[in-house]
Amino acid sequence: MAGAATAALATGAVGTAAAVSEKNYDNVVNVVEAGADNSGGESIDDVLSEHVGDNTMMKFPKGTYKLDGLSESGLKNFAMVAPEGATLIPGSKDILRFKDARGVHVEGFDVDGAARVIIYAVEGQNTLKNWRLLERQEQDTHGSVLQCVNEDTVVTLENVDFSKGGEGTATWIRPPIKGDYPSGENVVDLEPSGTINFINCKMEAWDDEGLYASAHPGPLNVIGGRYANNNLAQVRTGGVKARVKGVEIVCDDVSATPRDQNMRGIWMKEGHVLTIEDCDIIMEEVPYSSGAIVNGVEGAEMHVKNTRIQTNTDAQPIYAKSPKSWPFRAPSQDEAPPSRKIVVENVNITGDAPDDAAIQINGRDGSTIENVCIQQGSGDGIKIVDADGVTVANASVNVPGETTAFSGAQVDTKNVTESASCPAPKLDGKPVDAAGNLNSPSDADGSEAEDEKSNAEGEKSADSGLPNVISIRGDKGLASYELTVEGKLEPSEADGGSPNSEDNIKGSTAEGAVNGGVDSYAFSGQVTDFQFTEGSATVAINGEEVDPSALGADDEGRGSDAEGAHVLSIRGDRGLASYELTVDGKLEPSDAEGATFDSEDNIKGSTAEGAVNGGVDSYAFSGQVTDFRFTSGAATVLLDGEEVDPSTLGADDEGRGAAPDDERPHVVVIDGTDGNGESRYEFSVSGSIEKSTVDGATVDEDDAISGSAVSGSVFGGKDAYRFSGEITQFRLDGSATINLQKSGAE
């Protein structure tokens, strides 16, 4: 198995450091039996020098050892381990120094004093595991210094604890540059590089920096662990491919280091691709900061996925700067990056950050923001500057400033709403396994990984003993739900469930929200009711995916409980059509006319919105239809099986007419006064729309409204529109600024 793990690591994948076994070594030396003092009184340097060598394991029985320093070059297949733990008292700054290492394994030591480990590896798998500094490093030095040369070489730090801090940098990775470091903006000449892994490590309160890994050209994996209150950056990346997964990032104590510097969370200083996923980031107190996640001018493509960010201080949650033009000098790059785009998906942002935007992307063509939830007490939502081909979709934004602000950008928007309640980061301090699976035991702490059996075959919940589990997986953006069962109901961690403040159980009823995560509940009896009050998600019972519209349905289908029920059906026989409808009684999905209820359809109280394209949507309701409109396209509408004119649904005696101004509460202004040349725009809304003269805008004949869609242009002036509903799509080609005014007051 060790060989398989090594092969996986060499390709950039990460695995737990291979377990060390006496069988892998020709010589096994018990250092106490060889004459080493384990009381801490006498130096053990002479004993180590006598027995250190290739294919050798040196075992340290429990005790305290005085080690002035071990410095070796070219060691191959060497191990230094303390199976029951041991303490080292350093006599010099460099307690361990391995140059040209070819498979070195060090495990099981506490260090009582100022000391660093240096590993310059050129071959094999090299490991520092279960290593802890017991006191703050008052010398201006590092916790460890690493280098990894040649593609098949691996260096892994697992369960390394540098949380006491120090004057220098927790870990610095040295770049494998050929010859002298180039001057100016000359591109570096690099040696081939291997993979470096950090698994469940702790680096906190370092005066210079936390994990300084940006100079490493090869694959980098930072899996699990906590990085907190370090200056400059908690995690700093570069190289061809970096991954930060399941990590806790915290900046909440400016007194942790005496130096007031830019305290970033995760900083992509340079490199080709960085993926950040399953992370929790809290920025609570900093001297100043570029942001919780920062892509610098030399950083290229960055993905942020399934991550929660909370900022209550002077730090933007996500900030991508305009990239520099290649070539330039960066220690981990010897060629131009193929892409500079930013991809943000399934990310929740909360807090009271300053007046900057929660997500700001500058000069990054082809970027995508999808399935995000933003809830901040100040500032704007999403800001795009000088970027083309950008997509913003399925975003829920609740901010006092502008929901979206585009300047010199071409942006397509879809389903951007202005209300959100988002989950905050959750710090549990639990280790992850080597693959980055959250909250799983790791052999780094000596425990065996437990089998995580699901409830897929109807097994009882481990939490409560209840026989069934329902899970709501937030894989389609923000979704709010309500459910009721006929028996007992309790929260569960099955299927990765993580109950939070958004989830509430009252008796046999639960309501909650998911956005990228999972909510699970153990229950007895049957599900008697389930509905999405906003959005949609994947629902599973006992591990099997189910149709949520069928939950709680009787033998005749859903909707039969609506007293005096009618059925309204929308048949998508004229292409894609989107609609909204409201009734004055109960409203439920129905399978009448062969209808299906899918992710495009949403019921909230007595209002439904959805879309059809070749299929049928049906709703059972009591009372009357008080409003019906197509927000795009058209379709055939049936009431109790009879075709009706949709324009008559909800009409009073005078018929349906245009909505008055006070029913169009929002205003969007396209401001070209500071632009450079003509800016063209197209957008659509889910409600009605009309031109406006608000904010000094002019009404121009060349700007066209067709239903709920608009197209126009500005050249040195302003265009404005009043509208109801939400902006469902927006495209801007030019340098104009887009301002969204929620109140709509002129």
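For clarity, every value in this text was computed on a predicted model and none was experimentally measured. (Residues numbered from 1 in each chain as written. Predicted model: local features only at pLDDT ≥ 70, side-chain atom pairs only at ≥ 80, totals over all residues. Heavy atoms only, no water.)

**Q** Sorry, what's going on with the overall build of the protein here?
**A** A tally of helices and strands in the protein yields two helices and 59 strands. The buried share among the 746 residues of the protein stands at 54%. In the protein, the share of contacts with a sequence separation of at least 24, taken over all contacts with a separation of at least 6, comes to 70%. (Helix = DSSP H or I, 4+ residues; strand = E, 2+ residues; numbered from the N terminus. Buried < 20%, exposed > 50% of the residue type's maximum accessible area, 1.4 Å probe, protein only. Contact = heavy atoms within 4.5 Å.)

**Q** Would you mind going over the sheet that holds strand β35 (residues 479-485) with me for this structure?
**A** Note on sheets: strands pair through backbone hydrogen bonds, and any given pair is parallel or antiparallel. With antiparallel pairing, the four strands of this open sheet are ordered in space as β37-β38-β35-β40. Looking at strand neighbours, the two that pair on one side only are β37 (504-506) and β40 (527-534), the edges of this open sheet. Strand-to-strand twist in this sheet, taken as the mean axis angle between neighbours without regard to direction, amounts to 15 degrees. Relative to β40, β35 runs antiparallel, the two being bridged by six bridges. (Pairing = 2+ DSSP bridges. Axes fitted to C-alpha atoms, helices over the stretch in contact; angles between N-to-C directions.)

**Q** Help me understand the confidence of the model for the protein in this model?
**A** Low pLDDT means the predicted atomic positions in that stretch should not be read closely. Averaged over all residues, the pLDDT of the protein equals 84, while 88% of them reach at least 70. Here residues 1-18 scores under 50 on pLDDT; set against residues more than four positions off or in separate chains, the count is 41 contacts. In the predicted structure, residues 438-463 sits below a pLDDT of 50 and forms 54 contacts with residues beyond four places in sequence or in another chain. (pLDDT = per-residue confidence, 0-100.)

**Q** Looking at this model, I keep getting lost on the state of the cysteines. Mind explaining?
**A** Scanning all chains against the criterion turns up one disulfide. The partner cysteine of C373 in its disulfide is C422, sulfur to sulfur 2.0 Å. On the sign convention where negative means left-handed, the S-S torsion of about -85 degrees between C373 and C422 marks this disulfide as left-handed. Residue C373 is found in strand β29 (residues 368-376), and its partner C422 is found in the loop between β33 (411-417) and β34 (468-473); the two are separated by 49 residues along the sequence. Assessed through its relative accessible area of 4%, C422 is described here as buried. (Disulfide = S-S within 2.5 Å.)

**Q** Looking at this structure, how should I read the packing of aromatic side chains?
**A** What characterises a pair of aromatic rings is the spacing of the ring centres plus the angle enclosed by the ring planes. Counted according to the given criterion, the structure contains 17 aromatic pairs. Ring geometry for F78 versus F98: centroids 6.2 Å apart, planes at 50 degrees, classification tilted. Here the residue F78 occupies a position in strand β6 (residues 76-90), and F98 occupies one in strand β7 (residues 94-111), the gap between them amounting to 20 residues. Since its relative accessible area comes to 1%, F98 is described here as buried. A centroid spacing of 6.2 Å and a plane angle of 65 degrees characterise the contact between F406 and F730, whose relative ring orientation is edge-to-face. In this pair, F406 sits in strand β32 (residues 404-407) while F730 sits in strand β58 (residues 727-733), placing the two residues 324 residues apart along the sequence. Counting every residue linked through ring pairs, the aromatic cluster contains F406, Y681, F683, Y721 and F730. Sitting over the face of the ring of Y120, R174 holds its NZ or CZ atom 4.9 Å from the ring centroid. Lying over the aromatic face of W267, R264 brings its terminal NZ or CZ to 3.6 Å of the ring centre. (Phe/Tyr/Trp six-rings, centres within 6.5 Å; stacked < 30°, edge-to-face > 60°. Lys NZ or Arg CZ within 6 Å of the ring centre and 35° of its normal.)

**Q** Would you explain the environment of V188 in this entry?
**A** Its location among the elements puts V188 in the loop between β12 (169-173) and β13 (195-199). According to the relative accessible area criterion, V188 is buried, its value standing at 4%. For the pair V188 and I177, spaced 11 residues apart in sequence, the C-alpha separation works out to 6.7 Å. If sequence neighbours within four positions are ignored, V188 has contacts with I177, P182, R329, A330, P331, Q333 and D334.

**Q** Which parts of the structure should I look at to understand empty space enclosed by the protein?
**A** Gaps between atoms show up when a probe of the same size as a water molecule is rolled over them. Inspection of every chain in the model, using the stated rule, returns one cavity of 30 Å³ or more. By volume, the largest cavity amounts to about 80 Å³. The wall of the largest cavity is formed by T403, T404, T413, V416, E418, E726, I727, F730, I738 and L740. Mapped by element, the contributors of at least two residues to the lining of the largest cavity are β33, β58 and β59 (737-741). (1 Å grid on protein atoms, 1.4 Å probe; cavity = no way out; pocket = protein on both sides within 12 Å on 5 of 7 lines; lining within 4 Å. Points joined across faces, edges and corners; volume = space filled by probe spheres on them.)

**Q** Can you walk me through the pairing of strand β8 (residues 116-121) in this structure?
**A** Of all the six residues making up β8, six are buried; the element is thus mostly covered by neighbouring parts of the structure. Where burial is concerned, the two faces of β8 agree: the one with R116, I118 and Y120 and the one with V117, I119 and A121 are both buried. Sheet analysis places β7 next to β8, joined by six bridges and oriented parallel. When the bridges of β8 are listed, L96 appears paired with V117. Pairing analysis gives five bridges linking β8 to strand β10 (residues 144-148), with the strands arranged parallel. Bridging across to β10, A121 finds its partner in C148.

**Q** What is the right way to look at the sheet that holds β34 in this model?
**A** The sheet built from five strands is open, its strands ordered β36-β39-β34-β41-β42 with antiparallel pairing. A single partner strand is all that each edge strand has here, and the edge strands are β36 (489-492) and β42 (544-546). Here the average twist between neighbouring strands, direction ignored, is 30 degrees. Sheet topology places strand β41 (residues 538-541) next to β42; three bridges connect them, and they run antiparallel. Counterpart to I541 in the pairing with β42 is E544.

**Q** What's the story with a negative patch on the surface in this structure? I'm lost.
**A** Residues D189, E191, D334 and E335 make up a contiguous surface patch of negative charge. With respect to the helices and strands, the residue E191 is situated in the loop between β12 and β13. (Patch = residues over 30% accessible without salt bridge, like charges linked within 9 Å, V, L, I, M, F, W, Y side chains within 5 Å. Areas by Shrake-Rupley, 256 points an atom, 1.4 Å probe, with all protein chains shown as cover. Salt bridge = Lys/Arg side-chain N within 4 Å of Asp/Glu carboxyl O. Lys, Arg positive; Asp, Glu negative; His and termini not counted. Charge placed at Lys NZ, Arg CZ, Asp CG, Glu CD.)

**Q** Would you mind going over the nonpolar core with me for this structure?
**A** The nonpolar side chains of a soluble globular protein tend to be buried, and buried together. The biggest cluster of nonpolar side chains holds 111 residues, and the ones touching the most others in it are F60, W131 and F198. The leading source of residues in this core is β7, at eight residues. Leave out the neighbours within four places in its chain, and F60 touches V31, I44, L48, Y65, M80, V81, A82, P83, A86 and F109. (Core = buried A, V, L, I, M, F, W, Y, C linked by side-chain atoms within 4.5 Å.)

**Q** It is not clear to me how unusual backbone geometry should be interpreted in this structure. Could you clarify?
**A** Working note: non-glycine residues mostly have negative phi, and peptide bonds are mostly trans. Put simply, W326 and P327 share a cis peptide bond, and its omega is 10 degrees. Along the chain, P327 turns up in the loop between β26 (318-320) and β27 (342-351). For N229, which is not glycine, the phi dihedral falls at a positive 55 degrees. In this fold, N229 is placed in the loop between β17 (226-228) and β18 (233-237). When its relative accessible area of 7% is taken as the criterion, N229 is described as buried. A positive phi angle is found at D695, which is not glycine, with a value near 60 degrees.

**Q** Whenever I open this one, the pattern of salt bridges confuses me. Can you help?
**A** Oppositely charged side chains may form a pair once their charged atoms are brought near each other. Taken as a whole and assessed by the stated rule, the structure comprises 22 salt bridges. Note that R226 and E248 form a salt bridge whose closest N and O atoms lie 3.9 Å from each other. Highlighted residues: R226 in strand β17 and E248 in strand β20 (residues 248-251), separated in sequence by 22 residues. On the basis of relative accessibility, which here comes to 23%, the residue R226 falls in the partly exposed class.

**Q** Is there a simple way to explain the side chain of R116 in this structure?
**A** By secondary structure assignment, the location of R116 is in strand β8. Of note is the side chain of R116, whose polar atom sits 2.4 Å from the side chain of D94. When near neighbours in sequence (up to four residues on either side) are disregarded, R116 contacts K93, D94, I95, L96, T141, H142, G143 and V145. (Polar contact = N/O pair within 3.5 Å; in protein donor to acceptor, adjacent residues only side chain to side chain.)

**Q** Explain the side chain of E298 here, please?
**A** Among the secondary structure elements, E298 is positioned in the loop between β24 (293-295) and β25 (301-311). A residue is classified by how much of its surface remains accessible, and E298, at 10% relative accessible area, is buried. At 2.8 Å, the side chain of E298 forms a polar contact with the side chain of K269. In contact with E298, other than residues within four places in its own chain, are K269, E270, G271, K324, F328, R329, A330 and Q333.

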